[in-house]
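Listed below, chain by chain, are the residues.
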Amino acid sequence: MQEEQLIAGLRAKDRKTTEYLYDKYSRALYAVISRIIFDKDIAEEVFHDSFVKITRKIDRYDESKGRLYTWMANICRNSAIDKLRSKEMSQSGKTNAIDDFVYGMESQSGTQEQIDAIGVRELMIDLNDDQKFIVEYIYFKGYTHSEVSEEFEIPLGTVKSRVRAAIQVLKKNIARI
């Protein structure tokens, strides 16, 4: 199914299109969330809520601002970050046991191939090591600029400069596709 057909079907609230969307993108979108939230049950809950949000807010998607997958991934990423910072998560004081972390990483083994298949890693190939590090922590792990600055003792201005430089490289790589 072409992206235009997918968008039109979602906007028409077509059930088969929604099922196709789930079949094609669920693993990759869940992987975006599980890189930020390591607890499998919470990650699944956030994925479910994000998927519902995607289908309900499809009319807000603007094709001129980027691809459908990028829009969906941003919804999932932002939902995961919101959940991580929520009062519920901070009050629980819950930390993952090492077993949960290890088993969570094992269950992700199939999702990494899906992410690579959509080209995320190829886009990052031209980034230098500092830029890759910043993109990994801010985009994939959900850190804020300030958190990266504080945790890794990198001046905030440097973090922001590396983000801007990385975005410029990524834009060039996307334009080549």
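This one's a predicted model, so the numbers in the text were calculated from it and none came from an experiment.

Enquirer: Mind showing me how you'd approach the packing of aromatic side chains here?
Expert: To describe a pair of aromatic rings, one takes the distance between the centres and the angle between the planes. The full count for this structure, using the stated rule, is 11 aromatic pairs. Taken together, a centroid distance of 6.4 Å and an interplanar angle of 85° make the contact between Y30 and F47 edge-to-face. Pair noted here: Y30 is in helix 2 (residues 15–34) and F47 is in helix 3 (residues 40–56), with a separation of 17 residues, a long-range link. In this structure Y30 comes out as buried when scored by relative accessible area, which is 15%. On the accessibility criterion, F47 (9% relative accessible area) is buried. For the ring pair F47 and F51, a centre distance of 6.0 Å and an interplane angle of 40° mean the geometry is tilted. Here F47 and its partner F51 are both found in helix 3, 4 residues apart, which amounts to about one turn of the helix. Just as F47 is buried, F51 falls in that class too.

Enquirer: Which parts of the structure should I look at to understand the environment of A28?
Expert: Along the chain, A28 turns up in helix 2. Between the C-alpha atom of A28 and that of A73, which follows or precedes it by 45 residues, the distance is 8.4 Å.

Enquirer: Help me understand the confidence of the model for the protein in this model?
Expert: Detailed reading of the predicted coordinates is not advisable wherever pLDDT falls low. With 80% of its residues at a pLDDT of 70 or more, the protein shows a mean pLDDT of 81. Mean pLDDT values for the elements of the protein range from 44 in helix 7 (residues 109–117) up to 94 in helix 3. Throughout residues 94–103 the model reports pLDDT below 50, and contacts reaching past four residues in sequence, or to other chains, amount to 4 contacts. Here residues 109–118 is modelled with pLDDT under 50, and outside its nearest four sequence neighbours on either side it reaches 16 contacts, counting other chains as well.

Enquirer: Just checking my understanding: could you explain the pattern of salt bridges for this structure?
Expert: Applying the stated rule across the entire model yields 9 salt bridges. The shortest N-O distance in the salt bridge between K40 and E44 comes to 4.0 Å. Of this pair, K40 and E44 both sit in helix 3, 4 residues apart, which is roughly one turn of that helix. For K40, a relative accessible area of 47% translates into the label partly exposed. Residues joined in a network through salt bridges with shared partners are R11, D59 and E63.

Rules of the game
Residues numbered from 1 in each chain as written. Predicted model: local features only at pLDDT ≥ 70, side-chain atom pairs only at ≥ 80, totals over all residues. Heavy atoms only, no water. Phe/Tyr/Trp six-rings, centres within 6.5 Å; stacked < 30°, edge-to-face > 60°. Helix = DSSP H or I, 4+ residues; strand = E, 2+ residues; numbered from the N terminus. Buried < 20%, exposed > 50% of the residue type's maximum accessible area, 1.4 Å probe, protein only. pLDDT = per-residue confidence, 0-100. Contact = heavy atoms within 4.5 Å. Salt bridge = Lys/Arg side-chain N within 4 Å of Asp/Glu carboxyl O.

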